[in-house]
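Geometric and topological summary
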Amino acid sequence: MRRRRSAALLPATLLLAAGLAGCSGDAGPARRAAPPVESPKATAPAPRAPDGSAPGEPFAVGVRQLKLNRDGDRPLPVTVWYPARGAAGGAAERPAAPAAGRFPVVMFSHGLGGRPDDYATLLTRWAAAGFVVAAPAFPHTARGTDGNVLDVLNQPADVSYALTKVLALDATAGDPLRGRLATERVAAAGHSAGGVTTIGLFTAGRDDRLDAGVVFAGTALGVGTAFAGAAAPQLFVHGEADEVVAYAAGRAAYDKVPWPKAMLSLPKGDHGRALLTDGAALRVVSDTTVEFLRWTLYGDAAARRRLPTDAARGGLATLDDHL
């Protein structure tokens, strides 16, 4: 695995700070995207998940905490949601025994001033669909820290470190997740500053273990748009009324992706409420992201075919589909 560079050029860091400072405050009006440009060509073929079927019935969801620390000075407490034994929809024991089977892993990165639990509604739906979701709280951008937005540039390496530790649980004697992780099927996802982090994992800090990405309200400021390595399908989700990260900025990053990709646009969506509030918009986002992950990580062709229908549900979103 290639490690990301530890610093960026000063102009890029200044732009990043300006672009994400509004994650915890007011920002100017969002701009609409320019017409889409032709995507660059992929430089390597996509490693395709073997044909398979994702679980057809939802699981109960268990939750556990990992206490990690990268290099001794970057504490990274990680919340892990996973498919558990028991009745789906019920309150699983915390921590509950994992369900039988091997489940793909999704690393999730929170936004500036956020915490993993802020996204629990969405992330538990992913876990109920058959994914192990691991979400670190970052040492300088989580709520209750110093809020140093420039530290986002260090977060791709944090996620890669946490991913190594999570995958190691599959072979750790006595760990509840031993033998339960599909270690060769991994995706990264993130919101806002976590979206920057996620893009960084496919550009400047490419982690070759990643098979797919989901970027919520993200931009490529600071981490660049030179997508590298083997092709990894990407799903971008962005509100057209985003008051923090302009829709045009997310669209510009999406246009640079040289791989199979799709962009879910919410005409009335702002920067985050569709992810944080259980409502119709979150259900569209949840359904679409679950089907995307089922297709990319389980090789489930039926999930791929369901994507347009789910995206268009209720007229709340449109899907630009190049998958």
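Details of the structure are given in the entry above.
To start, this report covers the structure provided alongside it. Only a predicted model underlies this, so the values are computations on that prediction, with no experimental measurement involved. (Residues numbered from 1 in each chain as written. Predicted model: local features only at pLDDT ≥ 70, side-chain atom pairs only at ≥ 80, totals over all residues. Heavy atoms only, no water.)

1. Examining the overall build of the protein chain
- When you go through the protein chain residue by residue, the secondary structure sums to eight helices and nine strands.
- The burial tally for the protein chain puts 55% of its 323 residues in the buried class.
- For the protein chain, restricting intrachain contacts to residue pairs at least 6 apart in sequence, the fraction spanning at least 24 positions comes to 72%. (Helix = DSSP H or I, 4+ residues; strand = E, 2+ residues; numbered from the N terminus. Buried < 20%, exposed > 50% of the residue type's maximum accessible area, 1.4 Å probe, protein only. Contact = heavy atoms within 4.5 Å.)

2. Some thoughts on the environment of A253
- If you trace the backbone, A253 turns up in helix α5 (residues 247-255).
- A253 gets classed as buried once you look at its relative accessible area, which sits at 2%.
- Linking A253 and L221, residues 32 residues apart in sequence, is a C-alpha distance of 9.0 Å.
- Apart from residues no more than four positions distant in its own chain, A253 is found in contact with I199, A220, F227 and F236.

3. Overview of α5
- Most of α5 sits out of view: seven of its nine residues are buried.
- Packing partners of the buried residues in α5 comprise α4 (193-200), β7 (234-239), β8 (261-266) and β9 (318-322).

4. Section: the packing of helix α2 (residues 120-128) against helix α7 (residues 280-298)
- Interhelical geometry of α2 versus α7 gives an angle of 35° and a closest axis separation of 10 Å. For α2 against α7, the interelement crossing comes out right-handed. Judged by residue contacts, T121, L122, R125 and W126 of α2 engage L282, R283, S286, T289, V290 and L293 from α7.
- Here the contact of α2 with α7 is built from residues that sort into five nonpolar, three polar and two charged. (Axes fitted to C-alpha atoms, helices over the stretch in contact; angles between N-to-C directions. Left-handed = near helix turned anticlockwise from the far one by under 90°. Nonpolar A, V, L, I, M, F, W, Y, C, P; charged D, E, K, R; others polar.)

5. Quick word on the packing of aromatic side chains
- In this structure the tally under the stated criterion is ten aromatic pairs.
- Each ring, one from W126 and one from F216, has its centre 6.3 Å from the other, and the planes form 25°; the classification is stacked. Pair noted here: W126 is in helix α2 and F216 is in strand β6 (residues 212-216), with a separation of 90 residues, a long-range link. Neither residue differs from the other here; W126 and F216 are each classed as buried.
- Among the aromatic residues, ring-to-ring pairing joins F108, Y119, W126 and F216 into one connected group.
- Positioned above the aromatic ring of Y254 is the side chain of K261, whose terminal nitrogen or guanidinium carbon lies 4.6 Å from the ring centre.
- For R304, the ring lying beneath its charged end belongs to W295, and the centroid distance is 5.8 Å. (Phe/Tyr/Trp six-rings, centres within 6.5 Å; stacked < 30°, edge-to-face > 60°. Lys NZ or Arg CZ within 6 Å of the ring centre and 35° of its normal.)

6. What about the sheet that holds strand β4 (residues 132-136)?
- Reading across the sheet, the nine strands line up as β1-β2-β4-β3-β5-β6-β7-β8-β9 and stay open at both edges, with mixed pairing between neighbours. On the outer flanks of this sheet lie β1 (60-70) and β9, each paired with one strand and no other. Strand-to-strand twist across the sheet, computed as the mean angle between neighbouring axes with direction ignored, equals 15°.
- For strand β3 (residues 103-109) and β4, the ladder comprises three bridges, and the chain directions are parallel. In the sheet register, V105 faces β4, and the bridge partner there is V132.
- Packed on one face of the sheet, α5 meets β7, β8 and β9 and runs near 170° to β8.
- Across the face of the sheet, α7 comes into contact with β3, β5 (181-191), β6, β7 and β8 while running at roughly 165° to β6. (Pairing = 2+ DSSP bridges.)

7. A short note on α2
- Residues L122, L123, W126, A127 and A128 constitute the buried set of α2.
- Once α2 finishes, G130 follows within two positions and takes phi at roughly 110°, a positive value.

8. Here's the deal with the pattern of salt bridges
- All told, the structure shown has 16 salt bridges when counted by the stated rule.
- Two residues, D158 and R74, come together in a salt bridge whose shortest N-O distance is 2.7 Å. With D158 in helix α3 (residues 155-168) and R74 in strand β2 (residues 74-84), this pair connects stretches of sequence that are 84 residues apart. The burial state of D158 is the same as that of R74; both residues are buried. (Salt bridge = Lys/Arg side-chain N within 4 Å of Asp/Glu carboxyl O.)

9. Points about the pairing of β7
- Counting buried residues in β7 gives six out of six residues, a clear majority hidden from the surface.
- The side-chain alternation of β7 yields two buried faces, one formed by Q234, F236 and H238 and the other by L235, V237 and G239.
- Bridge count for β6 against β7 is four bridges, and the pairing is parallel. By the bridge assignment, V215 is partnered in β7 with F236.
- As paired elements, β7 and β8 share six bridges and run parallel to each other. Counterpart to V237 in the pairing with β8 is L264.

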